[in-house]
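Chain and residue survey
Now for the letters of each chain:
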Amino acid sequence: MEDIARAAGVAVGTLYRHFPTKADLVAATLEQHIASIAEQ
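Residues numbered from 1 in each chain as written. Predicted model: local features only at pLDDT ≥ 70, side-chain atom pairs only at ≥ 80, totals over all residues. Heavy atoms only, no water.

**Side note on the overall build of the protein**
Broken down by element type, the protein carries three helices and zero strands. Ordered by position from N to C terminus, the α and β elements of the protein give α-α-α. Seen along its three principal axes, the alpha-carbon backbone of the protein occupies a region of about 35 × 20 × 15 Å. In the protein, which comprises 40 residues, the proportion classed as buried is 10%. Accessible surface computed for the protein: about 3300 Å², of which carbon and sulfur atoms make up 59%. (Helix = DSSP H or I, 4+ residues; strand = E, 2+ residues; numbered from the N terminus. Buried < 20%, exposed > 50% of the residue type's maximum accessible area, 1.4 Å probe, protein only. Areas by Shrake-Rupley, 256 points an atom, 1.4 Å probe, with all protein chains shown as cover.)

**A closer look at the pattern of salt bridges**
Tallied over the full model, the rule gives one salt bridge. Across the salt bridge formed by Asp3 and Arg6, the nearest N and O atoms sit 2.6 Å from each other. Of this pair, Asp3 and Arg6 both sit in helix H1 (residues 2-8), three residues apart, roughly one helical turn. Judged on exposure class, the residue Asp3 and its partner Arg6 are both exposed. (Salt bridge = Lys/Arg side-chain N within 4 Å of Asp/Glu carboxyl O.)

**Side note on a nonpolar patch on the surface**
A cluster of nonpolar side chains, namely Val26, Leu30 and Ile34, defines an oily patch on the protein surface of about 290 Å² accessible area. As for its placement among the helices and strands, Val26 is situated in helix H3 (residues 22-39). (Patch = residues over 30% accessible without salt bridge, like charges linked within 9 Å, V, L, I, M, F, W, Y side chains within 5 Å.)

If you want it as structure tokens, here you go:
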């Protein structure tokens, strides 16, 4: 999570505020990816 927060330019606390668990982060990422594919 630290590497992801650093790459996103946010603090780790901010990342956990939006995505309390790694599973939440993965789910949001997959949702975004699937939505992008559906648009294409």
